[in-house]
Amino acid sequence: MRVLIVGGGGREHAIAYMVAKSPLADEIFCAPGNAGIEEYAKCVPIGAMEFDKLVDFAQEEKIDFVIVGMDDPLVGGLVDRFEEVGIFAFGPRKNAAILEGSKAFSKELMKKYDIPTAGYDTFSEPQEALAYLETAKFPIVLKADGLALGKGVLICNDFEEAKAGVNTIMIDKKFGSAGNCMVIEEFMTGREVSVLSFVDGKTIRTMTSAQDHKRIGDNDTGPNTGGMGTFSPSPFYTKEVEQFCIDNIYQKTVDAMACEGRPFVGVIFFGLMLTKDGPKVLEYNARFGDPEAQVVLPRMKNDILEVMKACVEGRLDEIDLEFEDNAAVCVVLASNGYPGAYEKGLPISGLDKFIDRDGYYCFHAGTKNDNGQIVTNGGRILGITAKGADLKSARANAYRAVDWVEFDNKYYRHDIGKAIDEA
Ligand code: AMP
Ligand code: GLY
């Protein structure tokens, strides 16, 4: 098969690595890709939101199968565009990607189909939101309805903070039209676990669990980011927790989407919180998480193309997913300043240390090939992933590999996976 991967971050690098291992892949392209993905795929300078150019390119290159990794193009309907010209594309159609694209939609779905989640209300007028907040219990959570680069969630400790939050989201429109509507949600406490799954519209197959670290600073301090590191599996995702989710969340979500006339094909990412009243859904994403994909995919034994093809063809029931009985940890190397302003174009050294080293991966996120020298080209630069027999050895391996790579302004968290010590 001739495969096109759309996206250019660490997640797409991990996907490209898996696709390259598949005997079904003849040639791999990636738009726009990055300097690391070039090892497996021919990168073409087309942005993930340039739908016309992507469709033209896929037709010219006789692409058989497209994998859309990112949320924006999925929510914008890129899969539908490929389907219109008869090209198979892995990912939800626009009417199903709304599961991630609108928090008001996903909350209503969970309420209607009795899927456990935090209590909430939806508002499209700032005055009504403020009136509600005057008598609300704090802390409370404000969420911009639409996509906001993972930054549209504000946890407010009192009315003044919440008032400022309503201004930010609905009046100043810091997240653009994502803030036309807002969800106000009950604050929950507990461990967070991410579970990714393949879905073919009817059948769901969950992958091994993972946990993200969203804050920039050690010990979960400072602002939220796209994700500073992950580990897999999560020791907090016990057999009991899993059984609860099987009975109350996973298949119910897939059935609910089908029932609404929005059959979901692709990856559903369940962001779960393990509260004292049992697991509840924090959020759904309509794609692999990043950096979750960087610890989950290297542990997957299946041929990723075979699984994705089965999803698109509606025969996922024929597939059993298999994962290695080990663990993986990913430490994100960022540029100092991220998630605020940072410098770009700094040369990176040490990348050759990963060549032919089994169990160690250097997934590129914000990198660029500048005339043969790989340089930084974003906030999150690399995802350094290592496997180990258990989480502790995977963590030791990952931090060893963190030292192999150097660039000016290198920044990373030192406590990725530390929570496992408490398990
Ligand atoms: P979301 O994008 O909805 O996953 O929210 C981003 C992060 O905000 C989550 O990973 C949680 O850490 C936090 N969060 C979201 N909703 C809640 C909630 N209802 N209670 C507590 N924390 C939350
Ligand atoms: N790591 C969280 C996400 O991909 O949304």
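A quick note: this is a predicted structure, and the numbers were derived from the prediction, not measured.

Rules used in this analysis
- Residues numbered from 1 in each chain as written.
- Chains lettered and ligands numbered in written order.
- Predicted model: local features only at pLDDT ≥ 70, side-chain atom pairs only at ≥ 80, totals over all residues.
- Heavy atoms only, no water.
- Helix = DSSP H or I, 4+ residues; strand = E, 2+ residues; numbered from the N terminus.
- Rg over C-alpha atoms; globule rule 2.2 N^0.38 Å.
- Contact = heavy atoms within 4.5 Å.
- Areas by Shrake-Rupley, 256 points an atom, 1.4 Å probe, with all protein chains shown as cover.
- Lys, Arg positive; Asp, Glu negative; His and termini not counted.
- Charge placed at Lys NZ, Arg CZ, Asp CG, Glu CD.
- 1 Å grid on protein atoms, 1.4 Å probe; cavity = no way out; pocket = protein on both sides within 12 Å on 5 of 7 lines; lining within 4 Å.
- Points joined across faces, edges and corners; volume = space filled by probe spheres on them.
- Nonpolar A, V, L, I, M, F, W, Y, C, P; charged D, E, K, R; others polar.
- Near = heavy atom within 4 Å.
- Polar contact = N/O pair within 3.5 Å; in protein donor to acceptor, adjacent residues only side chain to side chain.
- Pairing = 2+ DSSP bridges.
- Axes fitted to C-alpha atoms, helices over the stretch in contact; angles between N-to-C directions.
- Patch = residues over 30% accessible without salt bridge, like charges linked within 9 Å, V, L, I, M, F, W, Y side chains within 5 Å.
- Salt bridge = Lys/Arg side-chain N within 4 Å of Asp/Glu carboxyl O.
- Buried < 20%, exposed > 50% of the residue type's maximum accessible area, 1.4 Å probe, protein only.
- Parallel < 35°, antiparallel > 145°, perpendicular 65-115°, else oblique.

### Observations concerning the overall build of the protein
- Scanning the protein from N- to C-terminus turns up twelve helices and 22 strands.
- A compact globule built from 423 residues should have a C-alpha radius of gyration of about 22 Å, and the protein, at 21 Å, falls within 12% of that.
- In terms of overall dimensions, the protein has a C-alpha envelope of 60 × 45 × 45 Å along the principal axes.
- Pairs at least 24 apart in sequence give 68% of the contacts found in the protein among residues at least 6 apart.
- Carbon together with sulfur atoms contributes 46% to the accessible area of the protein, which is approximately 17500 Å² in total.
- If the 46 positive side-chain charges of the protein are averaged to one point and the 65 negative ones to another, these points end up 2 Å apart.

### Considering the layout of surface pockets
- Each pocket or cavity is described by its volume, and for the second largest pocket that value is around 470 Å³.
- Looking at the second largest pocket, it is lined by 20 residues, and the ones nearest its centre are Glu39, Tyr40, Phe354, Ile355 and Cys362.
- Contributions of two or more residues to the lining of the second largest pocket are made by α1 (10–21) and β18 (360–364).
- In terms of residue count, the dominant contributor to the lining of the second largest pocket is β18 (five residues).
- Class assignment of the residues belonging to the lining of the second largest pocket gives a composition of eleven nonpolar, four polar and five charged.

### A look at empty space enclosed by the protein
- Counted under the stated rule, the structure contains three cavities of 30 Å³ or more.
- Lining the largest cavity are Leu99, Glu100, Ser102, Lys103, Ser106, Lys107, Met110, Lys143, Leu282, Glu283 and Tyr284.
- Listed by contribution, the elements that provide at least two residues to the lining of the largest cavity are α5 (94–101), α6 (103–112) and β16 (278–285).
- The biggest single contributor to the lining of the largest cavity is α6, with four residues.

### What to know about the site of ligand 2
- The environment of ligand 2 is made up of Asp212, Gly226, Asn285, Arg287, Gly289, Asp290, Pro291 and Glu292.
- One of the side-chain nitrogen or oxygen atoms of Asp212 is found 2.8 Å away from a nitrogen atom of ligand 2.
- A distance of 3.0 Å separates an oxygen atom of ligand 2 from a polar atom in the side chain of Arg287.
- Here ligand 2 loses 88% of its free accessible area of 200 Å² to cover by the protein chains.
- A class-by-class count of the residues in the shell around ligand 2 yields one nonpolar, three polar and four charged.

### Focus on the pairing of strand β19 (residues 367–370)
- Examined bridge by bridge, β19 and strand β20 (residues 373–376) share four bridges and lie antiparallel to one another. Bridge pairing in β20 places Lys368 opposite Val375.
- In sequence, β19 turns back onto β20 through a hairpin of two residues, with Asn371 there showing a positive phi of about 50°.

### Looking at the sheet that holds strand β4 (residues 65–68)
- Strands sit in the order β3-β2-β1-β4-β5 across an open sheet of five strands; the sheet is parallel. The open sheet is flanked by β3 (42–43) and β5 (88–90), the only strands paired with a single partner.
- Summarising the sheet, strand β2 (residues 27–32) and β3 pair through two bridges and their orientation is parallel. Residue Phe29 lies in a different strand from β3, and its bridge partner there is Lys42.
- The sheet contacts of α1 involve β1 (2–7), β2 and β4, and relative to β1 the element is tilted by about 170°.

### Here we look at a nonpolar patch on the surface
- A cluster of nonpolar side chains, namely Val153, Ile155 and Phe187, defines an oily patch on the protein surface of about 230 Å² accessible area.
- Inspection of the secondary structure assignment puts Phe187 in the loop between β9 (182–186) and β10 (191–200).

### Observations concerning the sheet that holds strand β8 (residues 153–156)
- Read from one edge of the open sheet, four strands run β6-β9-β7-β8, paired in antiparallel fashion. Taken across any chain shown, the strands that pair with only one partner, and hence form the sheet edges, are β6 (120–123) and β8. Ignoring which end each strand starts from, the neighbouring axes of this sheet average 20° apart.
- The pairing of strand β7 (residues 140–144) with β9 spans five bridges and is classified as antiparallel. For Ala144, the partnering residue across the bridge sits in β9 and is Met182.

### Here's the deal with the side chain of Thr376
- Within the secondary structure, Thr376 sits in strand β20.
- Setting aside chain neighbours within four positions, we find Thr376 in contact with Glu343, Lys344, Gly345, Leu346, Ile348, Gly366, Ile381 and Phe407.

### Topic: the pattern of salt bridges
- Tallied over the entire structure, the rule returns 19 salt bridges.
- Of the charged contacts, one joins Glu185 and Lys143 as a salt bridge, the two residues approaching to 3.1 Å between their closest N and O atoms. With Glu185 in strand β9 and Lys143 in strand β7, this pair connects stretches of sequence that are 42 residues apart.
- The partner of Arg413 in a salt bridge is Asp415, with the nearest N and O atoms 2.9 Å apart. Just as Arg413 is buried, Asp415 falls in that class too.
- Here the salt bridges share partners, and the residues they tie into one network are Lys309, Glu313, Arg315 and Glu318.

### Some points on the packing of α5 against α6
- Running from N to C, α5 and α6 cross one another at 90°; their axes reach a closest spacing of 6 Å. Taken together, the axis directions place α5 and α6 in an arrangement best described as roughly perpendicular. Seen from α5, the contacting residues are Ile98, Leu99 and Gly101; seen from α6, they are Lys103, Phe105, Ser106 and Leu109.
- Across the contact of α5 with α6, the residue classes break down as four nonpolar, two polar and one charged.

### Comments concerning the site of ligand 1
- In the region of ligand 1, 13 residues are neighbours, and Glu185, Glu186, Met188, Glu192 and Glu283 sit closest.
- The contact in question runs from a nitrogen atom of ligand 1 to an N or O atom on the backbone of Glu186, over 2.9 Å.
- Here a nitrogen atom of ligand 1 sits 2.9 Å away from a polar atom, N or O, in the main chain of Met188.
- Look at ligand 1: alone it shows 470 Å² of surface, and the protein chains cover 91% of it.

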